[in-house]
Amino acid sequence: QVQLIESGGGLVQAGDSLRLSCAASGGTFSFYAMGWFRQAPGKEREFVAAISYGGGSTYYADAVKGRFTISRDNARNTVYLQMNILKPEDTAVYYCAARRAFYYSTHDNEYAYWGQGTQVTVSS
């Protein structure tokens, strides 16, 4: 059983940056592909970014491509989401998720483990 704890959210202004962290425990972290998803009020949860278990492959939603960067440190059992040039439409609760597989998925139903989420609010 993998436990995930996100941190790093907050209230920022448009154009600012934030780095989210997701610390994993309870499993062999390097066996899991990791993803970040977000859910804005009144909207469905959506894919943001994902990384393969070795870190060699990443994928981004079009809405964040070029602004967000996902990375992982398997020695620290942590995955990160660096978010730059934040926009008000990035406001959401951000969740990390783990999938016991080499490769990631963009579908939330293919991730078995989820964190509790961290709020990101971007003011205009």
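Heads up: the structure comes first, above all this text.
Note that this is a predicted model, so its numbers are computed, not measured.

Caption draft 1: Here's a closer look at the packing of aromatic side chains. Counted according to the given criterion, the structure contains 11 aromatic pairs. Summarising the aromatic geometry, the rings of Phe37 and Trp114 are spaced 5.1 Å apart at their centres and angled 55° between planes, so their arrangement reads as tilted. Placement of Phe37 in strand β4 (residues 33-39) and of Trp114 in strand β10 (residues 113-114) is noted, with a sequence separation of 77 residues between them. Assessed through its relative accessible area of 1%, Phe37 is described here as buried. A residue is classified by how much of its surface remains accessible, and Trp114, at 25% relative accessible area, is partly exposed. Here the aromatic cluster, defined as three or more aromatic residues joined through ring pairs, consists of Phe37, Phe47, Tyr53, Tyr59, Tyr95, Phe102, Tyr103, Tyr104, Tyr111 and Trp114. When the ring centre of Trp114 is taken as reference, the NZ or CZ atom of Arg45 above it lies at 3.8 Å.

Caption draft 2: Structural context of a nonpolar patch on the surface. A contiguous nonpolar surface patch, about 300 Å² in accessible area, is contributed by Tyr53, Phe102 and Tyr103. Examined against the element boundaries, Tyr103 turns out to sit in the loop between β9 (92-99) and β10.

Caption draft 3: Spotlight on the sheet that holds strand β1 (residues 3-7). The antiparallel open sheet is built from four strands, whose spatial order is β1-β3-β8-β7. This sheet does not close on itself; its edge strands, each paired only once, are β1 and β7 (68-73). Adjacent strand axes in the sheet meet at a mean angle of 15°, parallel and antiparallel pairs treated alike. Relative to strand β3 (residues 18-25), β1 runs antiparallel, the two being bridged by five bridges. In the sheet register, Ile5 faces β3, and the bridge partner there is Ala23.

Thresholds, definitions, all that
- Residue positions within a chain follow its written sequence, with the count starting from 1.
- A pLDDT threshold of at least 70 governs which residues receive local features in this predicted model, and a stricter bar of 80 or more applies before side-chain atom pairs are shown or counted, although totals over entire chains, interfaces and linings include all residues.
- Side-chain measures here rest on the full set of heavy atoms in the structure, leaving out hydrogens and waters.
- Between the rings of Phe, Tyr and Trp (Trp by its six-membered ring), a pair exists once the centres lie within 6.5 Å; its type follows the angle of the planes, with under 30 degrees stacked, over 60 edge-to-face, and the other angles tilted.
- Put simply, DSSP H or I for four residues or longer makes a helix, DSSP E for two residues or longer makes a strand, and each gets a number counted from the N terminus.
- Three exposure classes are used, based on accessible area relative to the maximum for each residue type with a 1.4 Å probe and protein chains only: buried under 20%, partly exposed in between, and exposed over 50%.
- A ring is scored as having a charge over it whenever the NZ atom of a lysine or the CZ atom of an arginine sits within 6 Å of its centre and within 35 degrees of its normal.
- Patch membership requires more than 30% relative accessible area and the absence of a salt bridge. Residues of like charge join within 9 Å; the nonpolar side chains Val, Leu, Ile, Met, Phe, Trp and Tyr join within 5 Å.
- Calculation of accessible area relied on Shrake-Rupley with a 1.4 Å probe; when residues are assessed, cover is drawn exclusively from the protein chains displayed.
- Salt bridges, as used here, are contacts in which a Lys or Arg side-chain nitrogen is within 4 Å of a carboxyl oxygen on Asp or Glu.
- For two strands to be treated as a pair, DSSP must find at least two bridges joining them.
- All axes are obtained by fitting lines to C-alpha atoms, using only the stretch in contact for helices, and the reported angles, taken between N-to-C directions, cover 0 to 180 degrees.

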